[in-house]
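# Chain and residue survey
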Amino acid sequence: MNKTAKHTQIQLPPRIDGAAPPEMNRTPGQLVIVGANGAGKSRFSIRMASSPDARAYNIAALPALFDRTYTDNLPGSLDSQYAEAVASGMGRSENSTQLERLMSLLMHQEMLNLMSYKIAHASNPDATLRPTRLDSLISLWQEIFPDNKILIESGRMLFRRNSDDASYSSMRLSAGERAIIYIIGAALFAPKGATIFVDSPEMFLHPAITQSVWNRIELLRADCTFIYTTHDLDFASSRQDARIIWVRAFDAVNTTWDYDLLPADSDISDEMYMSILGARKPVLFIEGDGRHSIDAKLYPLVFKEYTVKSLGSCNKVIEATRTFNDLVSFHNMDSRGIVDRDRRDEKEVEYLRGKKVMVPEVAEIENILMLEEVIRTVAHSRGKNESKVFQKAKHAVMSQFRHDLRQQALLHTRHRVKRTMEYRTDGRFANIGMLEEHLSRLLIEIDPRGLYENFCREFRRYLETDDYSAVLKVYNQKSMLPGSNVAGLCGLRNKDEYINAIIDILRHDSNDARRIRTAITRCFGLES
């Protein structure tokens, strides 16, 4: 949190039921306004921005790119800053869009900075050229589009692809590229500590980059509060630390709304989920609590083509996937689930996969973070020797597994016995004697000790052949991450920093992110 940011109150609009709106302290962070088309989200946002304490600043790509009559008259707005520059002597471009005004303002400030540098350098040869907003925009633009360049020539911004020597104006950019120029530049001009109201953050952006673009902009303006208005549930879910306001309906006569402010630790409810899902994206049900679990942090960044929803237990995931697919004629959406492998045998795994429940080739979510390529990538990103880091982490895991081998074999035996008993004792028995006889024969048939010894032999073979992948497939041990010291080997302080390093890598469209994503999708038998 930026300690210098001024804390004010965000005033929420009046409710339809007459109840007092909840109070919100404004601190740097995020807020997402969601709801179905026509529910009154945009009017809700406008009402919030009109509050005298809101310190509002608007970003809206659609009018900024195409509406030449659009002008934002809020104090401190981009247009008010442009008007001040014109009043100070900058030439005015008549009948221009807000994007064009933004680009003129960027070039004007760049010119003033160069003039200040020349004046300072005349009397002080050690004077340095200060970085400008344009420098920040160019840096972020080329991070998002590494194959594209922004050039400054004769007071104009020009663009060029690495594969082409010819440069071209912004008029030849796609709507998505111009939108990114606009939202980066507009965010840079927001006053310090502003509340930035973003209308339709997904507008013109490809779904593959929408989340990463806004992640970068939030980092760029960490002093500001971002309030997004969207009907895109996937984007809403990607704002992991955001408070969510669900707008259900708008009463135009009385200018009131039916809405809820979800608790800070609340997952999106089933009702809201079904209400606002308009894009009809495939749905991925996962285990975990939706806020703090590794599943909820990791899977949305790996399976970006899905709307990811946390349901808690594996049984709920399996049931929701089955139910959702039974209703496919109603919602026309594909649905899948993910559950940990735990101690399931191949028949159980095959059965679940046949029901569209994906099961990884490792025992549990923590083991995914210990995949060889994941460890190597984190080590590489931290400037470490990835081969040495992996070999040391692997050695620690194998040693830990050797120590726990009999306990693990016993746990696998218990699971197999339990599952077999469940499958084989569901028949009808005329009396207790017949049930006792059945159970006696079943115990001999199952042969728990034989199962146990077979697991022990199988696990010893993994150690003898140094089969790290096989160990990850059967080893359920929550202490594996700290016990392996993989975090320390990567130059990180603890398990949480290691997990956060993986999440941070996946938030960016980089080679490291692709390495991790490919390793994880292959763990599910999928191509990245």
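Definitions and cut-offs
Residues numbered from 1 in each chain as written. Predicted model: local features only at pLDDT ≥ 70, side-chain atom pairs only at ≥ 80, totals over all residues. Heavy atoms only, no water. Helix = DSSP H or I, 4+ residues; strand = E, 2+ residues; numbered from the N terminus. Buried < 20%, exposed > 50% of the residue type's maximum accessible area, 1.4 Å probe, protein only. Contact = heavy atoms within 4.5 Å. Core = buried A, V, L, I, M, F, W, Y, C linked by side-chain atoms within 4.5 Å. Pairing = 2+ DSSP bridges. pLDDT = per-residue confidence, 0-100. Salt bridge = Lys/Arg side-chain N within 4 Å of Asp/Glu carboxyl O.

## Re the side chain of Q400
Considering the arrangement of structural elements, one finds Q400 in helix α16 (residues 386–424). The class of Q400 is buried, set by a relative accessible area of 16%. Not counting the four nearest positions on each side in its chain, Q400 is found in contact with Y475, Q477, S479, M480, G483 and S484.

## Focus: the nonpolar core
Counting 62 residues, the largest nonpolar core has L298, I368 and Y498 as its most contacted members. Broken down by element, the residue count for this core peaks at eight residues, all from α16. With near-sequence residues (within four places) excluded, I368 lies in contact with L298, Y299, P360, V362, V374, I520, C523 and F524. Counting residues in hydrophobic clusters, the runner-up holds 57 residues, among them L65, A242, I244 and W246.

## Structural notes on the pairing of strand β10 (residues 256–261)
Two elements, strand β9 (residues 243–251) and β10, share six bridges in a ladder whose sense is antiparallel. Directly across from W246, in β10, lies its bridge partner D260. The turn joining β9 and β10, which pair antiparallel and follow one another in sequence, is formed by four residues; a positive phi near 50° is taken by T255.

## Brief notes about the confidence of the model for the chain
For the chain, per-residue confidence averages 86 on the pLDDT scale, and residues scoring 70 or more make up 90% of the total. Note on residues 1–7: pLDDT under 50 across the span, and 14 contacts to partners over four residues away in sequence or across chains.

## Examining the pattern of salt bridges
Scanning the model with the defined rule gives 26 salt bridges in all. Its salt-bridge partner being E372, residue R376 comes within 3.0 Å of it at the nearest N-O pair. Within this pair, R376 and its partner E372 are both found in helix α15 (residues 372–381), separated by four residues, close to a single helical turn. R376 gets classed as buried once you look at its relative accessible area, which sits at 14%. A network of salt bridges, in which partner residues are shared, links R341, E346, R353, E361 and K473.

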